[in-house]
Amino acid sequence: MYLKNAFGAAATVSLLMTSSAIAETITIATVNNGDMIRMQGLTDDFTAKTGHEVEWVTLEENVLRQRVTTDITTKGGQFDIMTIGMYETPIWGKNGWLVPLNDLPADYDVDDILPAMRGGLSYDDTLYAAPFYGESSMIMYRTDLMEKAGLEMPEAPTWAFVANAARAMTDKDNEIYGICLRGKAGWGENMAFLTATSNAFGARWFDENWTAQFDSEEWATTLNFYIDLLNDAGPPGASNNGFNENLSLFQQGKCGMWIDATVAASFVTNPDDSTVADKVDFALAPDTGLDRRSNWLWAWALAIPAGTQKEGAAKEFIQWATSKEYIELVAENEGWANVPPGARTSLYENPNYKAVPFSEMTLKSILSADPLNPTVDAVPYVGVQFVAIPEFAGIASQVGQEFSAALAGQQTAEEALAKAQALTSEEMEAAGY
Amino acid sequence: MARSVTQQRKAINTAVAWAVGLLIFFPILWTILTSFKTEAQAINDPPLFLFFDWTLENYAVVQERSDYMRFLWNSIIIAGGSTILGIIIAVPAAWSMAFVPSKRTKDILLWMLSTKMLPAVGVLYPIYLVFIRLGLLDTRIGLVVVLMLINLPIIIWMLYTYFKEIPGEILEAARMDGATLKEEILYVLTPMAVPGIASTLLLNIILAWNEAFWTLNLTAAKAAPLTAFIASYSSPEGLFYAKLSAASTMAIAPILILGWFSQKQLVRGLTFGAVK
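Bear in mind the structure is a predicted one, so any value in this text is a computation, not a measurement.

> Describe the overall build of chain A, naming the residues involved and giving the relevant values.
A count of helical and extended segments in chain A gives 18 helices and ten strands. Its C-alpha atoms give chain A a radius of gyration of 24 Å, near enough to 22 Å, the size a compact globule of 433 residues would have. Along the three orthogonal principal directions, the C-alpha set of chain A runs to about 95 × 50 × 30 Å. Residues classed as buried in chain A amount to 51% of the 433 residues present. A separation of at least 24 residues holds for 73% of the contacts in chain A among residues at least 6 apart in sequence.

What follows is the structure, encoded as structure tokens:
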């Protein structure tokens, strides 16, 4: 009898311990954008399936970046999952700061992740972050203004065509500007655009010996072309414009073309917010015939910091949030136009998603970006609109300020490039390259 | 004639004061107005001032998405706690500097203020590491201590200035009547410096309420105050200005109301001793 009671008690205790070990509360740091907010709203589905609770820490992108970087470099252990991008993932993976995601179950179908995304989120062929959604950049343009200018946008235009069309569409008296591009300083603002654009012009940040290349002819061509184009056909104060400012201008019908993140397509075609929703079409980001286009590649991905006590629950969440089933769950609740794009091949084979107007161009843009071979000439780095080294964010922020000042007319393009060359060389030397 | 000029000058002064006041208040007013617009109205060009379809939709969305009360409660505890703790330490410190100064008092005061001259990010990593070691990350007590330390130089400086205005003879008289040091500070000095202490208190609550570096960097899910609540609605990729404005209005409303009701006390304290 005594033994039976003891066994009973032991079984109860172990059951309690097991259930408490199963049901965890995980803390996730994430950014504030439409897809992430939708995911927060659907968390109940994850809790119902696994028993795990989720606590969200939602922060503005730049605040989040500083916050999670501080935590992971000091092993603070504040988060069980971090939302990070393509820039951080290979660097952090290399440093051993992230849990490898190489043991995901077969039904997760890791091979379904778009190859460009998988490549950009891996280090040494090991996946360190699962893409929640991916984006590239493309041209969004006004069909009515293009027609009025007597031009027809090809699916894959050149920069010469885009510049010509922008000047033809511009009607400054009526506040119509042929092209809106990022000018606001920042490594994720004007430098994301200009680095991707420079690839199309045959420029690169570094040669194979890590020597800065801002003194090259290609960079001079890139920067002068960009400044001349915005001076002739861009909105006033373009050096202060980032994604949101250009989105606002485009939605109010003041931009003929806008080259920016593919995720903007859902905003500019939404009749609730955009006055030109029914007059927008899309094309690939331009090239100059050198076999590289000006589009970037980015993914917001979910990663687990090494050392978390809740690795199991965190992996379960990542499997849920980046699965095919999650995409269907969003489609069921919010419609196919609102599913997180750019992460899985199967999404682009789905007939329901093919009916979404911008889906095809988004996929083509993503597929045309290659983070492993981003430039015409060989480079020692990975990344299309960034260089995946820890020093890049700091250097590019300073270079971005010089280029933004050149656009504002405070200095010439040549002066900006000379300063960029000097500061990049100095920083790289100090970093031991 | 002289009287009419005075009247005219008075009217001009009043108009200028109102204009300056409105100019200073305008960003807050604009935030409040934007919070009642749709996202499309928020970016309308030309901007819409009063004539638009007012909506409470943004407040409903913010309420649904975030646990406002949790952030509010954290803000109250962190701002209130750090200020009270700071006052408890600062009153005796300022007393000693005002009434029993040493040769080094002026240097100490300046040295204390010099800690405010270093950018906060310069000490982020050391403080973060100390917090990890002490288990203070994402705790309200950790933030109370940090914000108290950050604002302590200002509290001491303000109290020191007020205490200097109080005649030392009064305290001397209290001592001659047999008051202990504690009684002298508590029952003689403090009541006389109430306006100064009150304005110091209020100013520090406002400073701690608005502090947005440490409160964002040392918290995660549990101790995050209203600054984190606002940061969760800001986005560089998406026009959510109306929702961000609603979140900002909700975050500043308590402190705005507190400031409104205590403005007399605040002004009295800030001008204490200005005219002898």
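> Just give me the short version of the interface of chain A and chain B, but keep the residues and values in it.
Contact with chain A, which involves 28 residues of that partner, is made by 25 residues of chain B. Breaking the side of chain A that touches chain B down by element, the ones donating at least two residues are α2 (34-41), β2 (53-59), α4 (61-73) and α11 (243-251) of chain A. Looking at side-chain class alone, the side of chain A that touches chain B contains nine nonpolar, 13 polar and six charged residues.

> Tell me about the nonpolar core, and name the residues and values.
Proteins that are soluble and globular tend to have nonpolar side chains buried together. Ile 81, Met 140, Met 257, Ala 301 and Phe 317 of chain A together with Ala 94 and Leu 159 of chain B are the most contacted members of the largest nonpolar core, which totals 194 residues. Looking at which element gives the most residues to this core, the answer is helix α7 (residues 140-164) of chain B, with 14 residues. Those residues in contact with Met 140 of chain A, other than ones at most four positions away along the chain, are Phe 250, Trp 258, Ala 264, Ala 265, Val 268, Val 280 and Phe 282 of chain A.

> I'd like to hear about unusual backbone geometry, residue by residue, with values.
Residue and element names in this part refer to chain A. Phi is positive for Asp 109, which is not a glycine, with a value near 60°. Assignment of secondary structure puts Asp 109 in the loop between α5 (88-94) and α6 (115-120). Looking at Asp 109, the number of C-beta atoms within 10 Å reads 14, which means it is partly exposed. If you check the backbone angles, Asp 291 has positive phi at about 70° while not being a glycine. With respect to the helices, strands and loops of the structure, Asp 291 is situated in the loop between β9 (280-284) and β10 (297-303).

> Talk me through the packing of helix α9 (residues 190-200) of chain A against helix α17 (residues 392-407) of chain A; I want residue IDs and the actual numbers.
Residues and elements named next belong to chain A. It is at 9 Å that the axes of α9 and α17 come closest, and there the two elements cross at 85°. With respect to their mutual orientation, α9 and α17 come out roughly perpendicular. Residues Asn 190, Met 191 and Leu 194 of α9 form the contact with α17, whose own contacting residues are Ala 396, Val 399, Gly 400, Phe 403 and Ser 404. Here the residues of the contact of α9 with α17 sort into five nonpolar, three polar and no charged.

What counts and what doesn't
Residues numbered from 1 in each chain as written. Chains lettered and ligands numbered in written order. Predicted model: local features only at pLDDT ≥ 70, side-chain atom pairs only at ≥ 80, totals over all residues. Helix = DSSP H or I, 4+ residues; strand = E, 2+ residues; numbered from the N terminus. Rg over C-alpha atoms; globule rule 2.2 N^0.38 Å. Buried ≥ 20, exposed ≤ 12 C-beta atoms within 10 Å, placed from the backbone. Contact = placed C-beta atoms within 7 Å. Nonpolar A, V, L, I, M, F, W, Y, C, P; charged D, E, K, R; others polar. Core = buried A, V, L, I, M, F, W, Y, C linked by C-beta atoms within 7 Å. Axes fitted to C-alpha atoms, helices over the stretch in contact; angles between N-to-C directions. Parallel < 35°, antiparallel > 145°, perpendicular 65-115°, else oblique.

Keep in mind that these numbers describe shape and distance, not what the molecule does.
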